[in-house]
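Now for the letters of each chain:
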Amino acid sequence: MFMGRSDQARRLLLVADQEHPNSHQSSDGGVDCNSSATGFLLFTAIVAATCSFTSGYCIGYSSPAEYGVLADLSLSMAEYSVFGSMLAVGGMIGALLSGKTADYFGHRTTMWIINVFFILGWLAIAFTKVSWLLDLGRLLQGIGIALTSYVGNIFIAEITPKNLRGGLMSLNSWMTGSGVAIVYLIGSVVKWRGLALIGSIPCLLQILCLFFIPESPRWLVKNGREKEFEGVLQRLRGKKADISPEAAEIKEYAEFIQLLSENKFLDLFQKKYARPITVAVGLMILTQFSGLTGYTFYMTNIFVLAGISSEAGYVTLAVVKILATTLAIFLIDKSGRRTLLMVSAAGTCLGSLLTGFSFLLQQDHHFWISVLALTGVSVYLVSFNLGISGIPWIIMSEIFPINVKGSAGSLCVLIYWISSWAVSYTFNFLLEWSSTGTFIIFAAVSALGFLFTVMLVPETKGRSLEEIQASVTSVLR
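Residues numbered from 1 in each chain as written. Predicted model: local features only at pLDDT ≥ 70, side-chain atom pairs only at ≥ 80, totals over all residues. Heavy atoms only, no water.

A.B. asks: Explain the overall build of the protein chain here, please?
C.D. replies: Counting its secondary structure elements, the protein chain contains 21 helices and zero strands. The proportion of buried residues among the 477 residues of the protein chain is 61%. Considering only contacts within the protein chain whose residues lie at least 6 apart along the sequence, 85% involve residues at least 24 apart. Total accessible area on the protein chain stands at roughly 18200 Å², and carbon and sulfur atoms take up 68% of it. (Helix = DSSP H or I, 4+ residues; strand = E, 2+ residues; numbered from the N terminus. Buried < 20%, exposed > 50% of the residue type's maximum accessible area, 1.4 Å probe, protein only. Contact = heavy atoms within 4.5 Å. Areas by Shrake-Rupley, 256 points an atom, 1.4 Å probe, with all protein chains shown as cover.)

A.B. asks: It is not clear to me how the side chain of Arg-237 should be interpreted in this structure. Could you clarify?
C.D. replies: Position of Arg-237 among the secondary structure elements: in helix α10 (residues 226-237). By relative accessible area, Arg-237 is classed as buried at 6%. Only 2.8 Å separates the side chain of Arg-237 from the backbone oxygen of Ile-159, close enough to count as a polar contact. (Polar contact = N/O pair within 3.5 Å; in protein donor to acceptor, adjacent residues only side chain to side chain.)

A.B. asks: What exactly am I supposed to notice about helix α19 (residues 405-433) here?
C.D. replies: The α-helix winds at 3.6 residues per turn, so residues separated by three or four positions along the chain end up facing the same way. The end-to-end C-alpha separation of α19 is 41 Å, in line with the 42 Å expected for 29 residues at 1.5 Å each. At Phe-427, α19 shows its largest kink, close to 50°. (Expected span 1.5 Å × (residues − 1). Bend = angle between axes of the 7 residues up to and from the residue.)

A.B. asks: How should the packing of helix α14 (residues 299-306) against helix α17 (residues 367-388) be read in this particular structure?
C.D. replies: Axes are the key here: two packed helices are described by the angle between their axes and the distance separating the axes. Running from N to C, α14 and α17 cross one another at 155°; their axes reach a closest spacing of 9 Å. Between α14 and α17, the interaxial angle falls into the category roughly antiparallel. Where α14 abuts α17, its residues Met-299, Ile-302, Phe-303 and Ala-306 lie against Ser-370, Ala-373, Leu-374, Val-377 and Leu-381. Along the lines of polarity and charge, the residues of the contact of α14 with α17 split into eight nonpolar, one polar and no charged. (Axes fitted to C-alpha atoms, helices over the stretch in contact; angles between N-to-C directions. Parallel < 35°, antiparallel > 145°, perpendicular 65-115°, else oblique. Nonpolar A, V, L, I, M, F, W, Y, C, P; charged D, E, K, R; others polar.)

A.B. asks: Looking at this structure, how should I read the side chain of Ser-446?
C.D. replies: Within the fold, Ser-446 resides in helix α20 (residues 435-456). If we skip the residues at most four places from it in the chain, Ser-446 touches Leu-286, Ser-290, Ala-345, Thr-348 and Cys-349.

A.B. asks: Would you mind showing me how to read the environment of Arg-225 here?
C.D. replies: Turning to its location among the elements, Arg-225 is positioned in the loop between α9 (217-222) and α10. With residues near it in sequence (within four places) discarded, Arg-225 still touches Trp-219 and Leu-220.

A.B. asks: Could you clarify how one ought to interpret the packing of aromatic side chains in this entry?
C.D. replies: Remark: the centre distance and the inter-plane angle together describe each pair of aromatic rings, the angle taken between the planes. Using the criterion set out here, one finds 19 aromatic pairs in the structure. Considering the side-chain rings of Tyr-416 and Trp-417, the 5.1 Å spacing of their centres and the 85° angle between planes classify their relative orientation as edge-to-face. Relative accessible area serves as the criterion here: at 1%, Trp-417 is assigned to the buried category. Cluster of aromatic residues (ring-pair linked, three or more members): Tyr-295, Phe-359, Tyr-380, Phe-384, Phe-427, Phe-439 and Phe-442. Here the guanidinium or amino end of Arg-138 rests over the ring plane of Phe-83, the centre of that ring lying 5.1 Å away. (Phe/Tyr/Trp six-rings, centres within 6.5 Å; stacked < 30°, edge-to-face > 60°. Lys NZ or Arg CZ within 6 Å of the ring centre and 35° of its normal.)

A.B. asks: Before we go on, may I ask you to explain a nonpolar patch on the surface in this structure?
C.D. replies: There is a patch of nonpolar side chains on the surface, built from Leu-448, Phe-450, Leu-451, Val-454, Met-455 and Leu-456 and spanning about 560 Å² of accessible area. Relative to the elements of secondary structure, Phe-450 occurs in helix α20. (Patch = residues over 30% accessible without salt bridge, like charges linked within 9 Å, V, L, I, M, F, W, Y side chains within 5 Å. Salt bridge = Lys/Arg side-chain N within 4 Å of Asp/Glu carboxyl O.)

A.B. asks: Mind showing me how you'd approach the nonpolar core here?
C.D. replies: Side chains of a nonpolar character, in soluble globular proteins, are inclined to be buried together. Counting 124 residues, the largest nonpolar core has Tyr-61, Met-299 and Phe-400 as its most contacted members. It is helix α2 (residues 39-72) that contributes the most residues to this core, 15 residues altogether. Aside from chain neighbours lying at most four places away, what touches Tyr-61 is Phe-83, Trp-122, Ile-125, Arg-138, Val-183, Trp-192, Arg-193, Leu-195 and Ala-196. (Core = buried A, V, L, I, M, F, W, Y, C linked by side-chain atoms within 4.5 Å.)

A.B. asks: Sorry if this is basic, but what is going on with the environment of Phe-229 here?
C.D. replies: Here Phe-229 lies in helix α10. Taking relative accessible area as the criterion, Phe-229 reaches 0% and is therefore assigned buried. Taking the C-alpha atoms as reference points, Phe-229 and Ala-247, 18 residues apart in sequence, are found 8.6 Å from one another. Every residue in contact with Phe-229, bar those within four places of it in the chain, is listed here: Pro-217, Leu-220, Val-221, Ala-247, Ile-250 and Lys-251.

A.B. asks: Honestly, α10 in this entry has me stumped. Any pointers?
C.D. replies: Across its 12 residues, α10 extends 16 Å between first and last C-alpha, which sits within 8% of the 16 Å expected from 1.5 Å per residue. For α10, the set of buried residues is Phe-229, Val-232, Leu-233, Leu-236 and Arg-237. Considered in projection along α10, the buried side chains sweep an arc of 125° and stay on one side of the axis. A positive phi of about 110° marks Gly-238, the residue just after α10. (Arc of directions from axis to C-beta.)

A.B. asks: Please clarify how the packing of helix α6 (residues 162-187) against helix α18 (residues 391-399) should be interpreted in this entry.
C.D. replies: Contact pair α6 / α18: the axes reach a minimum separation of 10 Å and the direction vectors enclose 125°. When the axes of α6 and α18 are compared, the pair comes out oblique. Remark: the crossing between α6 and α18 carries right-handed chirality. From α6, Arg-165, Gly-166, Met-169 and Ser-170 reach across to α18, where they touch Trp-393, Ile-394, Ser-397 and Glu-398. (Left-handed = near helix turned anticlockwise from the far one by under 90°.)

A.B. asks: What is the right way to read the pattern of salt bridges from this model?
C.D. replies: When charged atoms on two side chains of opposite charge get close, those side chains can pair. Tallied over the full model, the rule gives five salt bridges. A salt bridge links Arg-225 to Glu-228; its shortest N-O distance comes to 3.0 Å. Residue Arg-237 pairs with Glu-246 through a salt bridge whose shortest N-O separation is 2.8 Å.

A.B. asks: What's the story with unusual backbone geometry in this structure? I'm lost.
C.D. replies: Most peptide bonds take the trans configuration, and most residues that are not glycine carry a negative phi. With a phi angle near 55°, Ser-74 is a residue other than glycine that sits in the positive phi range. If you trace the backbone, Ser-74 turns up in the loop between α2 and α3 (77-105). Its relative accessible area of 62% is what places Ser-74 among the exposed residues.

Written out as structure tokens, the structure is:
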């Protein structure tokens, strides 16, 4: 006698199709919104991605700072491992807050909150004389990075037309890689306290720039601010752009999703979300257990064990990271997310095998063995930054419907940081156990990630968010 929510939703979509028969379809099946990049859109995306630059700077900080912190604060290697892993502990806390914070306050306001965590963290590290304040600063940074991991990607995904989405979302990955590269370069000439103070500069710049960018149009329509939504979408697409087809699809899909269910965490575990959850969580695990944190947090240790000059090593890797992340921006909307992920997983597997093999031959003390180690690390970082670095976050932001996006984002970021903590805390102990064995484990995870991508990860290039979400869940079936 009574129509269920899913039946109401299907009827709404059918009525919408009759009223706007062209609002969903273009020649490739999505909204005809192959827009050019307006200056305002680019400015907004760059400002949002600045959080990712600071995140990269935080992530890379512990490598060049390691021996200065150990000497000045008289820390043991175990205590420094705790400092490194506190970033992941903060990440777990931030993961639990990320989705709900962004849903409640909005994406732009959440970016202001992120910068407060970053600045407090840098000040605690720069002026500390005791280890607990050092750890607290790292914890606060971890909360900021976790919020960035969710909000930065979701925001850019929601403001960008589908034909530009992959490239503009790669800005986050490029900014993260650039942040790591810059802290490596500056850290080779600046001591750890000064290095921390420099890290607060991009935070202050972003706080000012946030006054000049809008809220996400999809967040606005979800919260009933339709008049503001249309104005923001028009500014992002340009004054002369016809936004009516895209605006119609966004509004119709938002209404449709609202009728399906409320945004509750347990909604994630319905059968219809099994595939997107499996894909997103699997990619988060791949990102960390393929060795990212070990390579990034403790690069100085790898250089010392391999007999590589830290200065030469950091300069080489800084150049490599910037080139790789720049290349990824141009490839992602041409090659596709899935293809780049497979290439990236295969390359990180090769890089870890080369690094492990160099440690196996270390007793020979030949110069070429150090070159082999640096080559292995470089191959790993190039490959990682081509795909695994940013694409899992892009896919995570694309595949979840807006009604569960907050909860799904929190879950994915939580899994990411739990994995990060496991790798960052155990890495030095694994190196003591077996340098070769450590990198063989990373290579094996990368190989499994390649198979996982082949079997389960969908291609999302050139499709609207609403199209992607309908295809990977069963809500429209």
